[in-house]
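A structural walkthrough
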Amino acid sequence: MKNKFITSIVALTALSSGLFALTGPHADITSSTSTLTDNGETCVYCHTPHVANKDYQPAPLWNKPTSDTVFTMYGASSAGVAGVTIAGTTTDTAPTGASMACLSCHDGVSAMNSVINAPGAGNSDINGVLIGTNPATPATMPALAYKAVGSGGDMTDDHPISIQYIEGRASLRPINTPVIDIVGASFVSDMLRDGKVQCSSCHDVHGTPYNTYLRSHNTGSALCFACHDK
Ligand code: HEC
Ligand code: HEC
Ligand code: HEC
Ligand code: HEC
């Protein structure tokens with residue numbers, strides 16, 4: 001018993017010091033809703049070693065079917081705040097890059113438990129198979145978490161994503177500006193994906209020392225200041 005305890009401590013320490021210390025709700029997707037049960041494979045809700053979805057290449061070996069949610073992007077004509085227009089740069093017409101992968105759960109519409117390659121041999125389908133319960137039913141994101149993001153495809157009230165980072169616009173710093181205490185980044189450029197701001201510019205989906213997977217504490221709006229020289 002004691003040995004088993006020590007082994008678990010060692011395993012936990014190894015996990016927490018490792019690159020992929022998966023922490024928080026993503027480490028146990030099933031904890032978010034009672035309609036799911038744990039199948040014991042934490043990565044499977046997002047990644048698969050085989051038959052991955054090539055539509056999501058910026059999120060490697062992605063295990064979710066392509067979402068058919070229609071998104072309205074920030075700065076689109078229907079933007080939430082009357083009279084406020086974006087500084088100048090237009091977003092992609094739909095979420096791209098890793099943001100598209102986040103929104104395959106955080107749109108509040110897509111089934112979080114729909115994967116391409118379910119645990120176990122065989123049982124893969126590019127259109128998605130439901131895992132986790134018996135019988136499996138689609139489980140969507142609990143309202144509280146997704147409301148802050150792409151509720152039903154509405155991105156008009158969220159910080160622009162899938163948008164080119166153009167120095168000087170909205171007081172943006174040069175991309176070679178060093179950043180301090182940002183997880184996984186030494187320069188502003190390291191926070192960008194293909195020169196764009198995506199969800200993973202501000203969040204590290206696997207775990208960080210900060211709340212809500214932020215790449216930095218946000219005391220004094222440190223995260224915002226990393227890019228904006230206001
Ligand atoms: C909630 C979804 C989710 C879970 C769970 C998850 N990942 Fe990821 N992973 C992503 C996304 C999204 C990206 C792309 C991130 C980016 O653009 O920074 C990624 C990127 C990666 C990468 C390549 C980028 C890098 O950081 O080097 C590896 C390797 C990886 N994940 C491994 C894992 C492993 C191993 C697990 C299980 C222990 C896991 N992931 C669990 C969503 C997830
Ligand atoms: C990774 C870099 C980056 C970070 C971090 C960042 N932003 Fe931005 N922000 C951008 C880019 C790129 C734009 C688009 C500017 C343009 O219009 O070209 C933008 C635009 C904005 C705008 C203007 C939107 C408009 O309608 O013109 C505001 C306000 C803003 N950001 C606030 C914030 C706040 C608050 C934070 C911290 C929570 C933050 N930003 C963090 C890159 C970043
Ligand atoms: C497989 C589905 C899935 C994917 C893909 C996914 N998430 Fe999540 N995420 C969840 C669930 C489930 C929760 C917990 C919701 C709850 O408990 O209300 C969550 C919670 C979060 C939280 C809140 C964490 C906290 O501590 O409160 C953040 C931030 C987040 N996700 C960001 C992201 C980002 C960024 C991406 C893409 C890089 C992403 N997620 C991809 C399922 C997912
Ligand atoms: C410019 C930086 C930035 C970008 C880009 C960004 N986020 Fe966030 N996100 C934040 C900050 C800062 C918080 C914490 C807000 C707070 O504490 O109220 C947050 C909070 C969240 C939460 C938790 C919401 C809550 O109320 O608990 C989720 C979920 C989330 N983000 C997902 C995403 C997803 C998905 C994307 C891409 C579609 C994304 N974020 C893009 C900065 C960002």
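For the structure, see preceding data.
Residues numbered from 1 in each chain as written. Chains lettered and ligands numbered in written order. Predicted model: local features only at pLDDT ≥ 70, side-chain atom pairs only at ≥ 80, totals over all residues. Heavy atoms only, no water.

Turning our attention to the site of ligand 1. Of all residues adjacent to ligand 1, which total 16 residues, the nearest are Cys43, Cys46, His47, Arg193 and His206. Note that an oxygen atom of ligand 1 is positioned 3.2 Å from one of the side-chain N or O atoms of Ser200. Between ligand 1 and the protein, one listed contact pairs a nitrogen atom with a side-chain N or O atom of His206 at 2.8 Å. For the shell around ligand 1, the residue count by class is 10 nonpolar, 5 polar and 1 charged. Residue-level mapping places the shell around ligand 1 at the junction of two domains, with at least three residues from each of domain 1 (26-150) and domain 2 (165-230). (Near = heavy atom within 4 Å. Polar contact = N/O pair within 3.5 Å; in protein donor to acceptor, adjacent residues only side chain to side chain. Nonpolar A, V, L, I, M, F, W, Y, C, P; charged D, E, K, R; others polar. Domains from an automatic or database assignment.)

With that out of the way, let us pick up the site of ligand 4. By nearness alone, 16 residues border ligand 4, and Val149, Cys199, Cys202, His203 and Leu214 come closest of all. Between ligand 4 and the protein, one listed contact pairs a nitrogen atom with a side-chain N or O atom of His203 at 2.8 Å. Of all the secondary-structure elements, those providing two or more residues to the shell around ligand 4 are α2 (97-106) and α4 (199-202). Mapping the shell around ligand 4 onto the domain boundaries places at least three of its residues in each of domain 1 (26-150) and domain 2 (165-230). (Helix = DSSP H or I, 4+ residues; strand = E, 2+ residues; numbered from the N terminus.)

Attention now goes to the coordination of the iron atom of ligand 1. The protein atoms donating to the iron atom of ligand 1 are His47 (NE2) and His206 (NE2), with metal-donor distances spanning 1.9 to 2.0 Å. Each of the 6 donor atoms around the iron atom of ligand 1 contributes to a set of angles spanning 86 to 178°, which defines the coordination as octahedral. Taken together, the residues span a long stretch of sequence, with His47 in the loop between α1 (2-17) and α2 and His206 in the loop between α4 and α5 (222-227) at a distance of 159 residues. Of the residues examined, His47 reaches a relative accessible area of 26% and is grouped as partly exposed. What makes His206 partly exposed here is its relative accessible area of 23%. (Donors = N, O, S within 2.8 Å, 3.2 Å for Na, K, Ca; no water. Tetrahedral: all angles 85-135°; square planar, octahedral: opposite > 155°, others 65-115°. Buried < 20%, exposed > 50% of the residue type's maximum accessible area, 1.4 Å probe, protein only.)

Turning to the environment of Thr96, a few remarks are in order. With respect to the helices and strands, the residue Thr96 is situated in the loop between α1 and α2. Since its relative accessible area comes to 25%, Thr96 is described here as partly exposed. On a C-alpha basis, the gap between Thr96 and Tyr56 in space is 8.5 Å, while along the polypeptide they are 40 residues apart. Within the local environment of Thr96, its side chain forms a polar contact with the side chain of Gln198, the two groups lying 3.3 Å apart.

Those donors, His26 (NE2) and His106 (NE2), are the protein atoms that reach the iron atom of ligand 3, and they lie 1.9 to 2.1 Å from it. For the iron atom of ligand 3, the 6 donor atoms in the first shell make angles of 86 to 179° at the metal, a pattern classed as octahedral. Of this pair, His26 sits in the loop between α1 and α2 while His106 sits in helix α2, and the two are 80 residues apart along the sequence.

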